[in-house]
Amino acid sequence: MSISSMATTEFKPALILVDIQEDFCPPNGSLAVPHGRDIVPIVNKLLRLPFTVKIATKDWHPADHISFASNHAGKKPFVDFTTVINPTNPFETYESRLWPIHCVQDSPGAELIPELDMKEIDRVVEKGMRKEVEMYSAFYDPLEAPRVSDSGLAGLLKEMGTTHVFVVGLAADYCVVCTATDAAKEGFQTFIVEEGTRPVDENNWMEIRKGLEGKGVKVVTLDSEEVARVRLAHDNFQSATRMLSSLLPSHFRGAQSTSTPPTPSWLNRKITPFIQTLSRRACLHPIHTIVIVAVLASTTYIGLLDSSLFDAAKSSTPGKANWVSLSAGSRQLRVGEETGWKWQAADTESSVPQNADHLALLTFVFPDSLAANSPQTAPLADTVPLPQNLSVTALPTTSNPLAPISQDSALAFAVPYNQAPEFLARAQELPNAASLSADQSAHHGLESDIVKEEKMWIMKACKADETSGGVTRWAGNAWTEFVDLIKNAETLDIIIMVLGYISMHLTFVSLFVSMRRMGSNSWLFVTTLLSSVFAFLFGLIVTTKMGVPMNMVLLSEGLPFLVVTIGFEKAIILTKAVLSAALDTRRPPPKDSPTPEGNESYGSSPTSIQYAVKVAINEKGYDIVRDYAIEICILVAGAASGVQGGLQQFCFLAAWILFFDCVLLFTFYTAILSIKLEINRIKRHIALRQALEDDGITRRVAEKVAQSDDWPKADETGSGETNIFGRKVRSNSIPKFKALMVSGFIIINVLNLATIPFRGGKNDAESPSISGLSGHGFSSVMTPPPMDPFKVASNGLDAILESAKSHERSTVVTILTPIKYELEFPSIHYASPSRKDRSDLDSDYSEFSDYGMGGRVVDSLLKSLEDPILSKWIIAALALSVVLNGYLFNAARWSIKEPLNLPPHHAVDPEELDQAQQFNNGLSTPALNLAMPPTPRLEFRPLTPATTDDEDEGLTMKSATATSQTEAIRRTHAQMEQLLREKRAPELTDKEIVEMSMQGKIPGYALEKTLRDTTRAVKIRRAIISRTAATAETTSLLEHSKLPYENYNYDRVFGACCENVVGYLPLPLGLAGPIVIDGQSFFLPMATTEGVLVASTSRGCKAINSGGGAVTVLTGDGMTRGPCVAFETLERAGAAKVWLDSEAGQKTMTKAFDSTSRFARLQSIKTAMAGTYLYPRFKTTTGDAMGMNMISKGVEHALSVMANESGFDDMQIVSVSGNFCTDKKPAAVNWIDGRGKSVVAEAIIPGDVVRKILKTDVDAMVDLNIAKNLVGSAMAGSIGGFNAHAANIVTAIFLATGQDPAQNVESSNCITLMKNLRGNLQISVSMPSIEVGTLGGGTILEPQSAMLDLLGVRGSHPTVPGDNARKLARIVAAAVLAGELSLCSALAAGHLVQSHMAHNRSTPATRSNTPGPSGVSTPLTATMSIMQEKIGLGMTPASMSPAAMQRAIEAKRHN
């Protein structure tokens, strides 16, 4: 039936989750269904579909339930049955299988597993609560006459109108099938989703399935039409939801689904490449980007400052009241019969009716004039000069709520509107009531003889130009205006604004915390805020240039809510995406993996910074831009809506702010991110190099390893864009570039300062305004906001209303903003700055204005140093720039590859010459005639069935450049010595170098340094050893042997891993697994020549995975070194031991030890004493390095401090290692106290897995382990050898991952324990001394590094030093667990010999380059040969390859 046809029928589906409980799931479930936990992803996917109801069921048994075998004497679980009798009808019975104890009420095993998406589950139904009845079905028990237990599930489903039931859960062949069958009986169309269930017995389940169709139950898959019908309803709902949510910004949509992202839309495909191109340019030239944006922002700020930032609504004529400025921000009200004698707001631009009176209501405010001891007293209304020709009426004043606090007084007047300018001009100065003269002529404004100048109340608006007062006067005025704003504000408005500012600052805190979580202490937080400030400046200048009026009150009220609603989520999202992408570049994709779309056009390496930014923008860029576009559209709609109260203007400004914020996010901020990534890379580089040097690696090799481990890397595509600073840089380019930047910054500012005296010539001219369309510049931002007329003059309006009503005449009143006075001497109030000051500080014109916009931009920049405040900030910025550049100088120096300075030729003294002769020849003169031809190569070459890896491809490593050997005229001995003295040895031919080395002129150990070509040095050393007379019998074939030496990166070996190198030995490397360890899957790299080992370990891994995987616990982490020191007397030795054990001694030694390394940290010192010998055992952490060299250095220094500074100068250091460590030797101290990493690993294997996969049973395994690993090892007197073959696994992983193979001695210390846990096998291994590291030593070799990468533990852990090494130790322990499990099961089943015979033991190898020597017999191979002959597995000619047959013929011929 198709979906379309199904859609025509009623469809109300329900989902039932049957018994997905802890006791039914591995690894710890007492009745665990194999792979039961694997169904969780499928179940959760179904839970997200729109079922009518989603119900989970639980077995909820009492402890004495009838199904528990333990409640029946002599009965065994899984095997025996019991008879269930109907308690009310003894004639009705049925047989039921007995089980282990499971799902007991209120026990952990009865809980639903936590992996289920619990929030999607609507109901939980408990079943099986009657102790005398077994109940598999979620509906009811099998008894019918009468029914004993009924869960009520059927009634619930019918009540909700359910038509279809989908069943999933555990176990398919018991509870699930019973539940489905009963659902069908109740009339529901019933389906079992196959992927959502697992059976106890697979064979039993297959049989049951055959009869389900006849019972009305259909088994369907997740992709079936039935499930698709549910999904169709879900998709329709989701489509509608997505359509609606797409119209909201991301941070309003809530949590997003983590499912596969949809295909990018057409718009996405168009916008994303553009954003990537923009960001890539910024990342390629981050310094340039930052400088350009900073210059533009500075220019914008200076331009706004130059347009009267600190001069809001000043009088255009200093010293006189200006009507235009005083009336700014006024409000107009009208009242009359047409308004019902109620005040109505009117437009100030509208005309006044001819039959209406037009009044101006003026309020004079006298600050701090009501204070008790104030020397200033406000003038009374009768002292205000009232000209005879003007009609002025005094009105009652209106107090504000803060008047008792502010101590302000006021006067209010009503004046005909056309007479108001003249009245204000007369009222410019008012006398102080406290100092009125007896001469009342002053009351009428007439002159009197003034003996002494008196303070007057003078309008602040009439004050002279205040820019000369600096920031102090501006701050005072700003504070006064702020207080005035508070006075005239509503209480609710104040509360809302306080909450807004608190929320804004909490948003800042949230940004800071988010950036801290991503690893940035303050850098990204500050730059995010800086980017937003720049966007604000750019938006503000554009808004004012377009003539949109703004005011500071509007900005102060709107910005907090803009910050809170928009927030900084976009910067946080982009930062997280870029840092995550940079972390992913640590592991570049395989060469044959598909290239991300658009990568070719970038030409960026998948490990470069540019690529990381590109990937992040590809993932998040479109979403961020879409959110910006939605928010801008909303704000533009608000600006176009015509809303009043300043909201329209603020929406317009906010839209521009968001536009510039978007541009800066993908330019300025991404440039900052790229610099942060580069600085992070430099820090990691230095830390890794220092860690390797601490571990004893030479600086040259440590630098190479650190460079290879860098991430993100420079672009390696050859496009020339290898550095975030732009083009490809040489070793000294970055310091030169930074020097030019600092020098240029200083020179520009010096020139700025030098030109100040020459820029004052046109100070009287009026400069062109940058205000553009508005004509007001930034002063439009500072215009006073409209005030509330009733809050300012409600009493006066009441008086005017009464007068208008009494005269029955319409009246229009213009309420001016309160006019403030200040008490000051007139000479001071009207004082103007000198001409020179105005020319230096306040000139609006300069000679640069003649050069158009470019000149004005330059002029704005130059003025930045003239302002007394800005100049201080610029000096601080210059100092900060010098500090930052100093840091970047060091960063650039750190990141530059240091040239290899070869030491001078090592002079040969007699002792070293003797050593070299012993190595090369054994005689003082060459015993070999160099003119004779070289040893001929063997003629016999066995046939090779196929081209071998070694013959053709070699290892995938860095190829060494072959030295050209051209035939030339043979040089004389003197010429060759002259070339050696001139350090021109590489110019000699191979034969000449061999000759000189054989004569002792070139030491064999110095070939690499002398030739500066490690591969050539290895080749020549092979030739020298082949010609050595003393060992000619055995070494003459070395030069042309099949020991490979080419195509290997010896640069990492030289000075780090091996000396006197003559080649390398390729070992077979296999991968065992996968194995689940602590919830994560791993393949185990194992290098071994033992057949069956990898296959056997894989079998153990499979068995462990079936039980849910291995669980590991790290119980200790500390590498040890135990030196030996001696004293002359026992008394002194005892005193030293007491001191070492004391708190003071431990503190001193810890301080001394920790000072030697950034990673090694002393944990404890355990001191043993034997006679006059002391053996202090230092136990320390070593980060991710194995750390022996690191510890040795710390121990030497600590002992030196003990001897020289702690009073034990008579102490003799016998050896830095006194075998009390104990290193590479079996020792009880390692077994008891541990060394390196101490790990315990455990797994629980279900009983049926033991039978099916391991081919044995649990009890046999337990018995074998006791008899072999415990008793047998004890009989042998073993120390740490209570295991089957832990050393096998440890050594194979050590060889594969670059560990020290000799340390497998103590690393293989292991005790294996097994026990029967409710029918399941519980196996554990305890390994107290696993000595591993992930950096230093052999881990720096490329093949071994690749295997560490395979495990995800290469190098140092990026955030928690030591975690990688600890993780590797856990992996080793889990691998040993798998090996122990498999071998013990093979021994228990008797399969060991057969498996070895079946895996590469029955026939000889058929390839000429088979690793390992031929003809060598070991006890194991000899035993296998005998067994092979006994069981008739001898090789016949018919089974031999042609190559093997020819080798056999040659062998017989030689015998």
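Described below are features of the structure shown in this document.

Comments concerning the overall build of the protein
Next up, step 1: Looking only at helices and strands, the protein features 46 helices and 28 strands.
Next up, step 2: Expressed as a percentage of its 1455 residues, the buried residues of the protein come to 46%.
Next up, step 3: In the protein, the proportion of contacts linking residues at least 24 apart, taken out of those at least 6 apart, comes to 76%.
Next up, step 4: For the protein, the computed accessible surface area is about 71000 Å², with 58% contributed by carbon and sulfur atoms.

Regarding empty space enclosed by the protein
Next up, step 1: Here the structure, examined in full by the defined rule, presents 7 cavities of 30 Å³ or more.
Next up, step 2: As a volume, the largest cavity reaches approximately 140 Å³.
Next up, step 3: Lining the largest cavity we find 16 residues, and of these F24, L31, Y136, Y174 and C175 sit closest to its centre.

Some thoughts on the packing of aromatic side chains
Next up, step 1: What the rule picks out here adds up to 24 aromatic pairs.
Next up, step 2: Relative to F1208, the ring of W1139 has its centre 5.5 Å away and its plane inclined at 55°; by these criteria the two rings are tilted. Of the two residues, W1139 sits in helix α34 (residues 1130–1141) while F1208 sits in the loop between α36 (1188–1205) and β24 (1212–1215), which places them 69 residues apart along the sequence. Each member of the pair W1139 and F1208 is classed as buried.
Next up, step 3: Among the aromatic residues, those joined into a cluster by ring pairs are F364, F366, F413, F423, W457 and Y821.
Next up, step 4: The ring of Y140 has R147 sitting right over it, with the charged end atom 3.9 Å from the ring centre.

Looking at the sheet that holds strand β5 (residues 123–127)
Next up, step 1: Strand order in the open sheet formed by 6 strands is β5-β2-β1-β6-β7-β8, and the pairing between neighbours is parallel. The outermost strands of the open sheet, each flanked by one partner alone, are β5 and β8 (217–220). On average, each strand axis in the sheet is tilted by 25° relative to the strand beside it, whichever way the strands run.
Next up, step 2: In this structure, strand β1 (residues 13–18) lies alongside strand β6 (residues 164–170), joined through 6 bridges in parallel fashion. Across the sheet, residue I16 finds its bridge partner in β6, namely V167.

Parameters and conventions
Residues numbered from 1 in each chain as written. Predicted model: local features only at pLDDT ≥ 70, side-chain atom pairs only at ≥ 80, totals over all residues. Heavy atoms only, no water. Helix = DSSP H or I, 4+ residues; strand = E, 2+ residues; numbered from the N terminus. Buried < 20%, exposed > 50% of the residue type's maximum accessible area, 1.4 Å probe, protein only. Contact = heavy atoms within 4.5 Å. Areas by Shrake-Rupley, 256 points an atom, 1.4 Å probe, with all protein chains shown as cover. 1 Å grid on protein atoms, 1.4 Å probe; cavity = no way out; pocket = protein on both sides within 12 Å on 5 of 7 lines; lining within 4 Å. Points joined across faces, edges and corners; volume = space filled by probe spheres on them. Phe/Tyr/Trp six-rings, centres within 6.5 Å; stacked < 30°, edge-to-face > 60°. Lys NZ or Arg CZ within 6 Å of the ring centre and 35° of its normal. Pairing = 2+ DSSP bridges. Axes fitted to C-alpha atoms, helices over the stretch in contact; angles between N-to-C directions.

Nothing here speaks to function; it is geometry throughout.
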